[in-house]
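# Architecture at a glance
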Amino acid sequence: MLLKLIPDKTSVQFTRYRHFAIIGSTLLNIVALVALLTMGLNFGVDFKGGVTIEAAIPRPIDITAVRSGVAALRLGAVQVQAIAEGGGQAQGVVVSVEQDVSAEDGGAAAEKAQQNSASLVQAELKKILGEDIEFRRIDVVGPTVSGELIVKGLIAVGLLLVIII
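In this text, all values refer to a predicted model and were calculated from it rather than measured experimentally. (Residues numbered from 1 in each chain as written. Predicted model: local features only at pLDDT ≥ 70, side-chain atom pairs only at ≥ 80, totals over all residues. Heavy atoms only, no water.)

Check the secondary structure of the protein and you find five helices and four strands. Counting from the amino terminus, helix and strand elements in the protein follow one another as α-α-β-α-β-β-α-β-α. Sorting the 165 residues of the protein into buried and exposed places 25% on the buried side. Contacts spanning at least 24 positions in sequence make up 74% of the contacts within the protein whose residues lie at least 6 apart. (Helix = DSSP H or I, 4+ residues; strand = E, 2+ residues; numbered from the N terminus. Buried < 20%, exposed > 50% of the residue type's maximum accessible area, 1.4 Å probe, protein only. Contact = heavy atoms within 4.5 Å.)

With 81% of its residues at a pLDDT of 70 or more, the protein has an overall mean of 80. Helix H1 (residues 18-39) holds the highest mean pLDDT among the elements of the protein, 93, whereas helix H2 (residues 45-48) holds the lowest, 58. (pLDDT = per-residue confidence, 0-100.)

What follows concerns the environment of Gln81. Topologically, Gln81 is positioned in strand S2 (residues 77-84). Overall, Gln81 belongs to the exposed group, its relative accessible area being 54%. The spatial distance from the C-alpha of Gln81 to the C-alpha of Val95 is 6.5 Å, given a sequence separation of 14 residues.

On to the nonpolar core. Among the nonpolar cores identified, the biggest contains 17 residues, and Val66, Val93, Val95, Leu125 and Leu129 are the most heavily contacted of them. Looking at this core, the elements with two or more residues in it are strand S1 (50-56), helix H3 (63-71), strand S3 (90-98) and helix H4 (108-129). A per-element tally of this core places H4 first, with four residues. Ignoring sequence-local partners within four residues, the contact set of Leu125 consists of Ile53, Ala55, Val66, Val70, Val95, Gly130, Ile133 and Phe135. (Core = buried A, V, L, I, M, F, W, Y, C linked by side-chain atoms within 4.5 Å.)

This is the structure in structure tokens:
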């Protein structure tokens, strides 16, 4: 005897509930648009501009000391993330400092300020973690790049909403 998952004669009337589905979908889209307009988007370092530095040392890292030391520089919103290798102890750290930058005057002043911020963060990390620190990656996202990302991101979100609707 063969296993039958779907009976031969089915009579599920999907179209009977189409009005409820259309109303529900429309309400969810309206709620999403209102939330987008009132709360906005959460832009990170890639969109706002800022500095991301990845560093490592051969011994465990005190993340709280790194977080408080970099935050004391008052450069912007700071995020510190531990990188654990092997034994589970944090032996690396990724520090992201968000800075709202604008492309006024061609962005030269903002780029210089961000380079200065990167140098300050590197110096603070050397002070906290020691001179044997290895900087694996230093990324500076300037106003031109962040502006382009915002425009392209908003276009992508807009097209996606049109396609979904």
